[in-house]
Amino acid sequence: MNPTTLALLTALVTALYAIVVLHHLFPIDLDSAYDARQTRRLFQSAANARPLPLWRTLLRLLSPVTKHVPGSNLAATDQQLLWLQLADQWTAWTAEEIWALRIAGTTLGLVLGLAVDPGLTTLILAGGLFLLPGARLSSAYEQVSRRVRRELPEVAQSIALQSALGKSIPEALTAILKADTVLSRFFGYALASRPSGAGAVPLLNVQPGETTPGWLLQQAQTTGLKDVIGLVARLEQAARRGVQVDVLLGDVAELAAADYNAEVAARAQQLDTTLSVPLMLGLFVPYLVFLLAPFVQSLSQLTLR
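Residues numbered from 1 in each chain as written. Predicted model: local features only at pLDDT ≥ 70, side-chain atom pairs only at ≥ 80, totals over all residues. Heavy atoms only, no water.

Engineer: What is the right way to read the overall build of the chain from this model?
Structural biologist: Scanning the chain for helices and strands turns up 12 helices and zero strands. Across the chain, helices and strands are ordered from the amino to the carboxyl terminus as α-α-α-α-α-α-α-α-α-α-α-α. Within the chain, the fraction of its 305 residues that count as buried is 32%. For the chain, the share of sequence-separated contacts (at least 6 apart) that also reach a separation of at least 24 residues comes to 64%. Counting only carbon and sulfur atoms, one obtains 64% of the accessible surface of the chain, whose full area is about 18,400 Å². (Helix = DSSP H or I, 4+ residues; strand = E, 2+ residues; numbered from the N terminus. Buried < 20%, exposed > 50% of the residue type's maximum accessible area, 1.4 Å probe, protein only. Contact = heavy atoms within 4.5 Å. Areas by Shrake-Rupley, 256 points an atom, 1.4 Å probe, with all protein chains shown as cover.)

Engineer: Just to check I follow, could you spell out the pattern of salt bridges for this structure?
Structural biologist: Close approach of charged atoms allows side chains with opposite charge to pair. On inspection of all chains with the given rule, the structure shows six salt bridges. Note that Arg185 and Asp88 form a salt bridge whose closest N and O atoms lie 3.0 Å from each other. A residue pair is termed long-range when its members are at least 10 positions apart, and Arg185 in helix 9 (residues 182–192) and Asp88 in the loop between helix 5 (71–86) and helix 6 (95–116) qualify at 97 residues. You can call Arg185 buried: its relative accessible area is 16%. The partner of Arg146 in a salt bridge is Glu142, and the shortest N-O contact between them spans 3.7 Å. Note that Arg146 and Glu142 are positioned in helix 7 (residues 120–164) at a spacing of four residues, about one turn of the helix. Owing to a relative accessible area of 23%, Arg146 belongs among the partly exposed residues under this scheme. (Salt bridge = Lys/Arg side-chain N within 4 Å of Asp/Glu carboxyl O.)

Engineer: In this structure, what is going on with helix 5? I would like to understand it.
Structural biologist: Each turn of an α-helix holds 3.6 residues, which means side chains three or four residues apart point in the same direction. Between its first and last C-alpha, helix 5 extends 22 Å over 16 residues, near the 22 Å set by a 1.5 Å rise per residue. Taken together, the buried positions of helix 5 are Leu74, Thr77, Gln80, Leu81, Leu82, Trp83, Leu84, Gln85 and Leu86. Taken from the residues just after helix 5, Asp88 is the one with a positive phi, measuring 65°. (Expected span 1.5 Å × (residues − 1).)

Engineer: Can you walk me through a nonpolar patch on the surface in this structure?
Structural biologist: On the surface, a cluster of nonpolar side chains totalling about 230 Å² of accessible area is made up of Leu108, Leu112 and Leu125. Note that Leu112 resides in helix 6. Accessibility expressed as a relative area gives 37% for Leu112, which makes it partly exposed. (Patch = residues over 30% accessible without salt bridge, like charges linked within 9 Å, V, L, I, M, F, W, Y side chains within 5 Å.)

Engineer: Quick question: what am I supposed to make of the environment of Val232 here?
Structural biologist: Structurally, the position occupied by Val232 is in helix 11 (residues 226–241). A residue is classified by how much of its surface remains accessible, and Val232, at 0% relative accessible area, is buried. For the pair Val232 and Gln221, spaced 11 residues apart in sequence, the C-alpha to C-alpha distance is 9.2 Å. Setting aside residues no more than four positions away along its own chain, Val232 makes contact with Phe187, Leu216, Leu217 and Ala220.

Engineer: Whenever I open this one, the nonpolar core confuses me. Can you help?
Structural biologist: Soluble globular proteins: nonpolar side chains tend toward being buried together. Counting residues in each nonpolar core, the largest one holds 45 residues, and the members touching the most others are Trp83, Leu183, Phe186, Phe187, Leu216 and Val228. Mapped by element, the contributors of at least two residues to this core are helix 5, helix 6, helix 7, helix 8 (169–175), helix 9, helix 10 (215–223) and helix 11. If you tally residues by element for this core, the top one is helix 7, at nine residues. Not counting residues up to four positions away in its chain, the partners in contact with Trp83 are Tyr141, Val144, Val148, Val182, Leu183, Phe186, Thr223, Leu225 and Val228. (Core = buried A, V, L, I, M, F, W, Y, C linked by side-chain atoms within 4.5 Å.)

Purely geometric stuff here, so don't read any function into it on its own.
As structure tokens, then:
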């Protein structure tokens, strides 16, 4: 490491230390929900709001850069955050902050890589720090989406039962909120965020010949989960055509349960292939080493003689 690089790193560390000291002396009390999703405003009261930690506050400085992130990327991240926040995960994050974190990680990787060993190591470190937040977000989202698909048959059956008892669809949706599942929270979010007054939108569009989806289907389409979209689309279709909701959703619940069981079976079959390499490295290789160690030791003694 040359003297110039060492001086730059020293200046950087000193500046960061000064920022930390100033933050403790004069904390920046910014409510992290100032641009957060509406779900967080619905499911977390203002009394629980906490000031952002220093490193999260510094991410705000990258807001001019995150404005240039393609809208499709922000929308995809926003869909993942919607379900994660409904599951009480990543509750204080926005899509812009996620991409600011990825940009900051890339910059940090470039700085460290250039300071230590310019070359391929720099690209690997920068790329790894760029992909890490997205990988963690995608992993958490995959777990939550599987949880939603597991909950879908039960929710569909519950709506069908409430409908069979003579309750309207809004009443049936309100009743399932007591279950407090991720999917029921989504329906609660849709009901609570429905516009009223002059800009009111019907919960379900039941007008014949109308192609504009109702508010519930609009919110389902923003989630990106085809299973949820299919459930709400069937619900609106049944309400529009006057079909018995309980019969239709009973079939939907059975199909959803069958699809989920098939998915679980497919993952179980893939598990043997996935675990074969770790099992070989963790069990077979140590056993082979233990078995061959006496022969190798005897051979080495013969060689030394």
